[in-house]
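So the chains spell out like this:
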Amino acid sequence: MLAHNVDFNLTRVCLECLFASSIYRIAVGSDGVRISMESALTARDRVGVQDFVLLENHTSEAAFIENLRKRFKENLIYTYIGSVLVSVNPYKDLEIYTKNHMERYRGVNFYEVSPHVYAVSDNSYRSMRTEHKDQCILISGESGAGKTEASKKILQYYAVTCPASDQVETVKDRLLQSNPVLEAFGNAKTLRNDNSSRFGKYMDIQFDFKGAPVGGHILNYLLEKSRVVHQNHGERNFHIFYQLIEGGEEDLLRRLGLERNPQQYQYLVKGNCPKVSSINDRSDWKVVRKALSVIGFSEDEVEELLNIIASVLHLGNIQYGGEDSGNAYITTDTQIKYLARLLGVDGLVLKEALTHKTIIAKGEELKSPLNLEQASSARDALSKAVYGRTFTWLVNKINVSLTYKNASVIGLLDIYGFEVFQHNSFEQFCINYCNEKLQQLFIELTLKSEQDEYEAEGITWEPVQYFNNKIICDLVEEKFKGIISILDEECLRPGDASDITFLEKLENTVGGHAHLTTHKLADGKTRKVMGREEFRLLHYAGEVNYNVNGFLDKNNDLLFRNLKEVMCMSDNKILTQCFDRAELKDSKRPETAATQFKTSLAKLMEILMSKEPSYVRCIKPNDAKQAGRFDDVLIRHQVKYLGLMENLRVRRAGFAYRRHYETFLQRYKSLCPETWPSWQGKLADGVSTLVKHLGYKPEEYKLGRSKIFIRFPKTLFATEDALETRKHSLGERVTYHMVLVDGCHLLSLRTVAWWRGILACRRAQRKRQAANTIRRFIKGFIYRHNERCPENEYFLDYVRYSFLMKLRRNLPKSVLDKSWPTAPTALIEASEQLRKLYMQNMVWGYCKRINPEWKHQLEQKMVASEIFKNKKDNYPQSVPKLFMGTRLNGEEINPKVLQSLGSEKMKYAVPVTKYDRKGYKARPRQLLLTSNCAVIVEEAKLKQRIDYAALKGISVSSLSDGVFVLHVPTEDKKQKGDVVLQSDHIIETLTKVAICADKANSININQGSITFTMGQGKEGIIDFTSGSELLVAKAKNGHLSVTAPRLNSR
Ligand SMILES: Nc1ncnc2c1ncn2[C@@H]1O[C@H](COP(=O)(O)OP(=O)(O)OP(=O)(O)O)[C@@H](O)[C@H]1O
Ligand SMILES: [Mg+2]
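Residues numbered from 1 in each chain as written. Chains lettered and ligands numbered in written order. Predicted model: local features only at pLDDT ≥ 70, side-chain atom pairs only at ≥ 80, totals over all residues. Heavy atoms only, no water.

Draft legend 1. Geometry of the environment of phenylalanine 795. Tracing the backbone through its elements, the reader meets phenylalanine 795 in helix H34 (residues 793-809). Residues phenylalanine 795 and threonine 773, 22 residues apart in the sequence, show an inter-C-alpha distance of 9.5 Å. When neighbours within four sequence positions are excluded, phenylalanine 795 is seen to be in contact with Phe777, Gly780, Phe781 and Arg784. (Helix = DSSP H or I, 4+ residues; strand = E, 2+ residues; numbered from the N terminus. Contact = heavy atoms within 4.5 Å.)

Draft legend 2. Just the UniProt feature "binding site: ATP" (unreviewed entry) in the chain, in detail. Per the UniProt entry, the sites bearing "binding site: ATP" (unreviewed entry) are Gly141, Glu142, Ser143, Gly144, Ala145, Gly146, Lys147 and Thr148 in this numbering. With respect to the secondary-structure elements, alanine 145 resides in the loop between strand S3 (135-140) and helix H7 (147-161). Those residues in contact with alanine 145 that lie beyond four places of it in its chain are Asn89, Cys618, Ile619 and Lys620. With respect to the secondary-structure elements, lysine 147 resides in helix H7. We classify lysine 147 as buried; its relative accessible area is 10%. Among the polar contacts listed, one links the side chain of lysine 147 to the backbone oxygen of glycine 141, at a separation of 2.8 Å. (UniProt positions renumbered as here; feature names shortened; annotations may be inferred. Buried < 20%, exposed > 50% of the residue type's maximum accessible area, 1.4 Å probe, protein only. Polar contact = N/O pair within 3.5 Å; in protein donor to acceptor, adjacent residues only side chain to side chain.)

Draft legend 3. Focus on the sheet that holds strand S14 (residues 534-538). Pairing within the open sheet is antiparallel, and its three strands lie in the order S13-S14-S15. Two strands lie at the open edges of the sheet, namely strand S13 (516-518) and strand S15 (543-547), each paired on one side alone. If you compare each strand with its neighbour and ignore which way they point, the axes differ by 25° on average. Looking at chain direction, S13 and S14 are connected through three bridges and run antiparallel. Bridged to threonine 518 within S14 is phenylalanine 535. Lying over the sheet, helix H21 (residues 499-510) contacts S13 and S14, oriented at roughly 40° with respect to S14. (Pairing = 2+ DSSP bridges. Axes fitted to C-alpha atoms, helices over the stretch in contact; angles between N-to-C directions.)

Draft legend 4. Main features of the packing of aromatic side chains. Taken as a whole and assessed by the stated rule, the structure comprises 36 aromatic pairs. Ring geometry for tyrosine 454 versus phenylalanine 655: centroids 6.1 Å apart, planes at 50°, classification tilted. Of this pair, tyrosine 454 sits in helix H18 (residues 426-457) while phenylalanine 655 is found in the loop between helix H29 (644-651) and strand S17 (657-660), placing the two residues 201 residues apart along the sequence. Neither residue differs from the other here; tyrosine 454 and phenylalanine 655 are each classed as buried. Through successive ring pairs, a cluster of aromatic residues spans Tyr97, Tyr105, Tyr118, Tyr125, Tyr157, Tyr158 and Phe207. (Phe/Tyr/Trp six-rings, centres within 6.5 Å; stacked < 30°, edge-to-face > 60°.)

Draft legend 5. Structural view of the coordination of the magnesium ion (ligand 2). Summarising the metal site, the magnesium ion (ligand 2) is bound by the protein donors Thr148 (OG1) and Ser197 (OG), whose distances to it range over 1.9 to 2.0 Å. Highlighted residues: threonine 148 in helix H7 and serine 197 in strand S5 (residues 196-197), separated in sequence by 49 residues. For the pair threonine 148 and serine 197, a shared accessibility class is recorded, and that class is buried. (Donors = N, O, S within 2.8 Å, 3.2 Å for Na, K, Ca; no water.)

Draft legend 6. Layout of the packing of helix H14 (residues 299-316) against helix H15 (residues 333-343). Running from N to C, H14 and H15 point in directions that differ by 160°, and their axes come no closer than 9 Å. Here H15 runs roughly antiparallel to H14, going by the angle between their axes. Our pair here, H14 against H15, has a crossing hand that is left-handed. Counting all contacts with H14, which are made through Asn307, Ala310, Ser311, His314 and Leu315, the residues of H15 involved are Gln335, Tyr338, Leu339, Leu342 and Leu343. Counted by class, the contact of H14 with H15 contains six nonpolar, four polar and no charged residues. (Parallel < 35°, antiparallel > 145°, perpendicular 65-115°, else oblique. Left-handed = near helix turned anticlockwise from the far one by under 90°. Nonpolar A, V, L, I, M, F, W, Y, C, P; charged D, E, K, R; others polar.)

Draft legend 7. Spatial organisation of the pattern of salt bridges. Under the definition given, this model contains 56 salt bridges. Arginine 106 is paired through a salt bridge with glutamate 103; the nearest N and O atoms lie 2.9 Å apart. Note on arginine 106: relative accessible area 23%, which makes it partly exposed. Note that aspartate 251 is salt-bridged to arginine 254, the shortest N-O span being 3.1 Å. Taken together, the positions of aspartate 251 and arginine 254, both in helix H11 (residues 250-256) and three residues apart, correspond to about one turn of that helix. For aspartate 251, a relative accessible area of 45% puts it in the partly exposed group. Among the residues examined, arginine 254 registers a relative accessible area of 57% and is labelled exposed. (Salt bridge = Lys/Arg side-chain N within 4 Å of Asp/Glu carboxyl O.)

Draft legend 8. How the structure looks around the pairing of strand S21 (residues 922-930). Sheet topology note: the strand S20 (residues 906-915)/S21 ladder contains nine bridges and is antiparallel. The partner of threonine 913 across the bridge, within S21, is proline 924. In this structure, the hairpin formed by S20 and S21 is closed by a connection of six residues, where glycine 919 is found at a positive phi of approximately 80°. Two strands pair when backbone bridges link them, and S21 and strand S22 (residues 933-938) are joined in this way by four bridges, in the antiparallel orientation. Note on S22: the bridge partner recorded for leucine 929 is alanine 934.

Draft legend 9. Here's a closer look at the site of ligand 1. What surrounds ligand 1 is a group of 17 residues, the closest being Asn89, Ser143, Lys147, Ser196 and Ser197. In the environment of ligand 1, an oxygen atom lies 2.7 Å from a nitrogen or oxygen atom belonging to the backbone of serine 197. Protein burial of ligand 1: of its 630 Å² of free accessible surface, 86% is covered by the chains. Of all the secondary structure elements, the ones that give two or more residues to the shell around ligand 1 are H7 and S5. The biggest single contributor to the shell around ligand 1 is H7, with three residues. Here the residues of the shell around ligand 1 are counted per class, giving four nonpolar, nine polar and four charged. (Near = heavy atom within 4 Å. Areas by Shrake-Rupley, 256 points an atom, 1.4 Å probe, with all protein chains shown as cover.)

Draft legend 10. Molecular detail of the sheet that holds strand S2 (residues 84-88). The strand order across the open sheet built from seven strands is S1-S2-S16-S3-S12-S6-S7, with neighbouring strands paired in mixed fashion. Edge positions in the sheet fall to strand S1 (78-81) and strand S7 (213-221), since each of these pairs with one other strand and no more. Strand after strand, the sheet turns through a mean of 20° between neighbouring axes, direction not considered. The strands touched by helix H4 (residues 61-73) are S1, S2 and strand S16 (612-619); relative to S1, the strand with the most contacts, the crossing angle is about 150°.

Here you go:
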């Protein structure tokens, strides 16, 4: 939201000074640096401040107007009040709306560039995109102040700068082309403005998720229908009538029964002003015709529409005959003929309806003739109703062509400003009531956003006194006792209600209200400036006298029933939509104009409240529509009526200026040795150091969470001036060199300016690039599942890059770590390859790092794994335990045994239990492994030696026991048969045997039982079962029974 960016940059003041003034011309002197600095200050003095919050004397209306004047003289038509844009109509084409200008404001921070309606547009657009909050831009100001022009500039800005596609182009065209159509039917030449909007307009511009304008929706308010039948001197009817007559093809005019001369039409001659020098009706007609096709009107629809426009002109030419009090009759039959054809109704029925009225009394339809005056007003009522309803139909039709759902929205409100004329009627009452409501919203939201910002920054909010105009809104709109209710009551009540009885009722009901008075109730002084038929409202902006004449009629806005009936019978397709038969059956009185307006305003407020608002306040510099003329009185009046001083007071209530620490430090860091050239610590500390160095007093500033708040503009100006001096001292060095080259100080100044220009360009370029990157990224995301193509290559590269970066941060730390980041679809294969490569590499590195002992250990573990993994129950328990070199050292083995082994090197020794072949008695033994044989030792005795070559095989169970059998050949007489042993380290022991004897393949793992030979051809059987604990014993069947403990691992 704008208020979040309530910020500005004095750079722009200086830049504006540079551009607006002829600084280069002034600046050269013997002390070039000093003079040029002074000239910058003079220029600042000349072009004023770009934000009113920087006015030292912010409560002075004179200072406010003086600042506007200074800037207006320099063609600087835009100035901020914080985030509110004040715009003064230049009444001439300024070169500030080019594509280059649009680019300059695109994606740039609000405060970095000079004030412009594009800055507001861009800011709203960015807030919509980044904060995902719908926006609205409220444009207000009096007639001719430039509201409609501003809204068109905003629309053009979006049309040019937002992303586009073919479909979007169509919508953009329709959005843009809706303007000439609505202006043709809803705008007219008035005394104040040659192209005055005679209706209020709220337009939603809808954007899709890519930020492209994809649709729109228009709400229209209170069209000034009375203009159809009457115009003040010097004013015209709605443009479309003149455009059709001036620009319509001969054929078309013939079909419509029209002549190419506006003077022929009663409805076009009241203002005596058919031609306006600034308007070219003929070329405007072409624009409107084309726009109608672009929006999607078929040829038939255009024809029907023009039939209606022509009908209104024919209606105006209907003349009545008859005495004043007698019955009226129509004297112009040709008009009826045309009307019957153009409206598709029966001529006689129409004629009858234009001279009679029907009323339903007690269920019976009564017809009574009209007198002259009544007939004329019935005819005019019909013209107004037909035109008014057609206008609403037109808006709806445009809306249909712009329909889009689920969009983010920026609303544009171009609505009438406060109006105070010599004679103020019902219309001014409605318009000023509307402004009262908008002011209420404006103050509430401005205050709220200020308060929110203070809260967010942790700065104490000091309550601001302001005038709450709710009291006036209530006076107008309150149920039962508000002015609208009283007016409605008078309109609806039977009897002789009149404008005067309405005035009396006001006096009786709300006469005591502080904001209302009437001629009768007023004091003597006020009475002198009030008519007897007037009531005065004390609006927030000032007093306005309203003349009650016509209030009842305008509020009733009645169309006789029989005229409605005729319209309901029309063949014209537009009119059938405008006049619904259901309306005739509805016995309820239609809502009055004021109530309808009140309801639509309440809806508008709801819409606006749901959005983040931005404001453009337009001012018209003079009544003569002249360029370069600044009429102080007129402008003071508008400043007051727009409530700008109040706005400034609220905005300046606490601190004049605020800016993010980073931006502040970046700009002023050169002014303090500790912060120059860069500050390494926290930003807040840097800013604190800087402002202390600059001598800021505690009451002059506050440090918030992310921003510095400066109370007075003068503090900031002093800092800005110090910066200028500093810059020039840098510039001086450049100057010195330049003087050496050609003695020209001017060049040095230009160099500085040039360099600043370059920096600004670079900054802008960076921002553009950033925006492009984001756009490409989003597009890529949408097309991410497609084959690589220009739309997605950036995104895919980014995905690749970020996956690789993530991978780099999350690579497995060890060979056992099997984690691996999940790859995006496009990279699954590559990721798998990478994983393999990385694993190989890690394994290789691991292998390189292992020492010989560890290597030996691992080799043994490998053998163990090959033999026992998934085959023997106690293998898993053995895995984490290191294999020992030996389980018995030299001292634990009898020296005689070692002696008898002679030169044979002992490789491993382990205590074992041997089971006798007869009786299976358990005997403690030692199993020694040498390089050639396995030896079973009983203390000093070498009980049995089994050469590896003779070792037939080794049997072991699949359970968790430690029993194993070494099989020897039966024919070997030296051997007494197979050996049944048990080791507490069976996996280790048998792995050693397998390695020493090279018998890894000879180890048999058996389920159930093992058969072995006992010598002399006898066989023994060992049965293995699972049980709770290890038990080895002779069973009754003579077998050796081994109960192995059950382990949880399998
Ligand atoms: N920014 C501008 N640059 C140049 N001329 C402008 C600008 N703004 C307004 N004008 C001129 O002022 C005229 C009136 O402006 P515009 O129609 O926007 O007024 P308005 O506030 O919409 O008035 P109304 O309430 O009567 O509709 C324009 O026709 C145009 O000539
Ligand atoms: Mg306008």
